[in-house]
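Report on the structure
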Amino acid sequence: MPIGREPRERSPRLPTARGPLSHAVLGALRDPCHQPSLGAVEDAAPYGDDLQLALYVLYELHYQGFEDVDDDREWDPALLRVRRALEQRFLAALRADVDGGATARQALDDLQTEPVGPEAAGVSHFLRDEGELRHLKEYAALRSLYHLKEADPHAWVIPRLHGRAKAAMVAVEFDEFGAGRADEIHARLFADLMEDLGLETAYGHYVDVAPAELLATVNLASLLGLHRALRGALVGHFATVEVTSSPGSRRLAKALRRVGAGAAAVRFYDEHVEADAVHEQVVRHDVIGGLLENEPNLEDDVVFGIQATNLLEDRLAARLLDAWRRGGSALLDVHAHGTRREMQTAR
């Protein structure tokens, strides 16, 4: 089947294991009689490939699932016990590594401070100023693990909000889901971007080449979305995405135009420049404002969500920029021959 044409509705295949934890989880999904052990969790690096892939696989049971894995495994008690242990390890590391000590307003204001100087420039600055087509294709392939389900994890918070916060959250999500038009759903627009760049648009296609730093950014949204106790942190995560999206999207649209990408590729980011500039104000004043008006005790959680999102995005940026500035690829070597050739020749 040609690249970009695989049905997106099909559940993806299980990925390749990256260590004992992910091997055990994948084994349990292939054979329900296999019970994964919790013994290896304490020894796993919280931001490492093995733990992050195991967590990603378990979270995906709540989204599109996997080919040849029964849908009932979503609520398998043994898998949920393992997932909980992985989440606790991940959360403990995040709580230890964020700064804390800010108000929600301060944390939001910090998001709007643009980096100064060449050393402070981020991924979107690099892609705008120096990025080649291969860099943009790698970036799109990796980000597809989030953007092909964009807004889905945030929708879990809707039944946990009240009044003004709920109404505002639904209003923003309505835009994310195309305002009633299937062809305008942001996940669909990203698939169009990928097809324009000659990439495979199938959901989850690029998981085997995604480094742990990317998986962690996707896992954070799922972690916060699946736990009512973390609803404040999910709102903080959502705010971070919306507040930082517009300026970053403007740079990425310029990058795509500079390398001669097609209209569909550019449109995704042009849409986010306009939409997220509006969303930023709604999220700041009505989603967060309404939440803290109803539940002021959640302010520290909102700040945690903002800072944890920034922490993981900074780790991902360091990984990408280090690889690209050395002239290499940011993709993992797993199945790299075929995928890297796809990045270089498909268009």
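Provided above is the structure to which this section pertains.
Residues numbered from 1 in each chain as written. Predicted model: local features only at pLDDT ≥ 70, side-chain atom pairs only at ≥ 80, totals over all residues. Heavy atoms only, no water.

Once that is clear, we can look at the overall build of the chain. Broken down by element type, the chain carries 14 helices and zero strands. From first element to last, N terminus to C terminus, the chain shows the α and β order α-α-α-α-α-α-α-α-α-α-α-α-α-α. Expected size for 347 residues packed as a compact globule is a radius of gyration near 20 Å; at 19 Å, the chain falls within 12% of this value. Considered along the principal axes of its C-alpha atoms, the chain spans approximately 50 × 45 × 40 Å. Out of the 347 residues belonging to the chain, those deemed buried represent 56%. (Helix = DSSP H or I, 4+ residues; strand = E, 2+ residues; numbered from the N terminus. Rg over C-alpha atoms; globule rule 2.2 N^0.38 Å. Buried < 20%, exposed > 50% of the residue type's maximum accessible area, 1.4 Å probe, protein only.)

Below, the discussion takes up the environment of Ser-249. Within the element layout of this structure, Ser-249 appears in helix H11 (residues 231-258). When the C-alpha positions of Ser-249 and Gly-122 are compared, they lie 12 Å apart, and in sequence the two are 127 residues distant.

Right, let's get into the packing of aromatic side chains. Note on aromatic pairs: each is described by the distance of the centres and the angle between the planes. Using the criterion set out here, one finds five aromatic pairs in the structure. On the basis of an interplanar angle of 85° and a centroid distance of 6.3 Å, the ring pair of Tyr-47 and Phe-90 is categorised as edge-to-face. Of this pair, Tyr-47 sits in the loop between helix H1 (20-30) and helix H2 (49-60) while Phe-90 is found in helix H3 (residues 77-97), placing the two residues 43 residues apart along the sequence. Both residues of the pair, Tyr-47 and Phe-90, count as buried. Ring geometry for Tyr-63 and Trp-156: centres 5.2 Å apart, planes at 50°, overall tilted. Of this pair, Tyr-63 sits in the loop between H2 and H3 while Trp-156 sits in the loop between helix H7 (152-155) and helix H8 (163-176); the two residues are 93 residues apart in sequence, bridging distant segments of the chain. Residue classification places Tyr-63 among the buried residues on the basis of a relative accessible area of 17%. Relative accessible area serves as the criterion here: at 24%, Trp-156 is assigned to the partly exposed category. Pairwise contacts between aromatic rings join Phe-190, Phe-268 and Tyr-269 into one cluster. Directly above the aromatic system of Phe-304 lies the positively charged group of Arg-95, at a separation of 4.4 Å from the ring centroid. Sitting over the ring of Tyr-63, Lys-149 keeps its end group 3.9 Å from the ring centre. (Phe/Tyr/Trp six-rings, centres within 6.5 Å; stacked < 30°, edge-to-face > 60°. Lys NZ or Arg CZ within 6 Å of the ring centre and 35° of its normal.)

A volume near 1,200 Å³ is recorded for the largest pocket. Together, 50 residues line the largest pocket, and Tyr-139, Arg-143, Thr-244, Asn-310 and Glu-313 are the ones closest to its centre. Elements with a minimum of two residues in the lining of the largest pocket: helix H4 (104-111), helix H5 (123-129), helix H6 (133-147), helix H10 (212-225), H11, helix H12 (263-294) and helix H13 (299-325). Per element, the largest residue contribution to the lining of the largest pocket is twelve residues, and it comes from H11. Per-class residue counts for the lining of the largest pocket are 24 nonpolar, 16 polar and ten charged. (1 Å grid on protein atoms, 1.4 Å probe; cavity = no way out; pocket = protein on both sides within 12 Å on 5 of 7 lines; lining within 4 Å. Points joined across faces, edges and corners; volume = space filled by probe spheres on them. Nonpolar A, V, L, I, M, F, W, Y, C, P; charged D, E, K, R; others polar.)

Counting across every chain of the model gives 19 salt bridges. Residue Arg-164 is joined to Asp-286 by a salt bridge in which the shortest nitrogen-to-oxygen separation is 3.1 Å. Taken together, the residues span a long stretch of sequence, with Arg-164 in helix H8 and Asp-286 in helix H12 at a distance of 122 residues. The partly exposed category is assigned to Arg-164, whose relative accessible area is 36%. Ionic pairing is found between Glu-295 and Arg-231, a salt bridge with its closest N-O pair at 2.5 Å. In this pair, Glu-295 is assigned in the loop between H12 and H13 and Arg-231 in helix H11, connecting sequence segments 64 residues apart. For Glu-295, a relative accessible area of 15% corresponds to the buried category. Judged by relative accessible area, Arg-231 falls into the buried class, the value being 8%. Taken together, the salt bridges that share partners define one network made up of Arg-83, Arg-84 and Glu-87. (Salt bridge = Lys/Arg side-chain N within 4 Å of Asp/Glu carboxyl O.)

Residues three or four positions apart in an α-helix share a direction because the helix packs 3.6 residues into each turn. If you check which residues of helix H9 (residues 186-196) are buried, you get His-186, Ala-187, Leu-189, Phe-190, Ala-191, Leu-193 and Met-194. Following H9 by one or two positions, Gly-198 adopts a phi angle in the positive range, close to 80°.

Now for the packing of H10 against H13. Orientation of H10 relative to H13, taken along the N-to-C sense of each, is 160°, at an axis distance of 8 Å. The angle between the axes of H10 and H13 places the two elements in the roughly antiparallel class. Where H10 crosses over H13, the handedness of that crossing is left-handed. Residues Glu-213, Leu-214, Ala-216, Thr-217 and Leu-220 of H10 pack against Ala-308, Thr-309, Leu-312, Glu-313, Arg-315, Leu-316 and Arg-319 of H13. Here the contact of H10 with H13 is built from residues that sort into six nonpolar, two polar and four charged. (Axes fitted to C-alpha atoms, helices over the stretch in contact; angles between N-to-C directions. Parallel < 35°, antiparallel > 145°, perpendicular 65-115°, else oblique. Left-handed = near helix turned anticlockwise from the far one by under 90°. Contact = heavy atoms within 4.5 Å.)

Before going further, it helps to spend a moment on the side chain of Asp-208. If you trace the backbone, Asp-208 turns up in the loop between H9 and H10. Although Asp-208 is buried, it forms no salt bridge, and the closest oppositely charged side chain is Arg-18 at an N-O distance of 4.9 Å. A polar side-chain atom of Asp-208 sits 2.9 Å from the main-chain amide nitrogen of Thr-16. (Lys, Arg positive; Asp, Glu negative; His and termini not counted. Polar contact = N/O pair within 3.5 Å; in protein donor to acceptor, adjacent residues only side chain to side chain.)

Time to look at H6. At Ala-141, H6 is deflected by roughly 25°, the largest bend along its length. The element H6 is extensively covered by neighbouring structure, given that 13 of its 15 residues are classed as buried. (Bend = angle between axes of the 7 residues up to and from the residue.)

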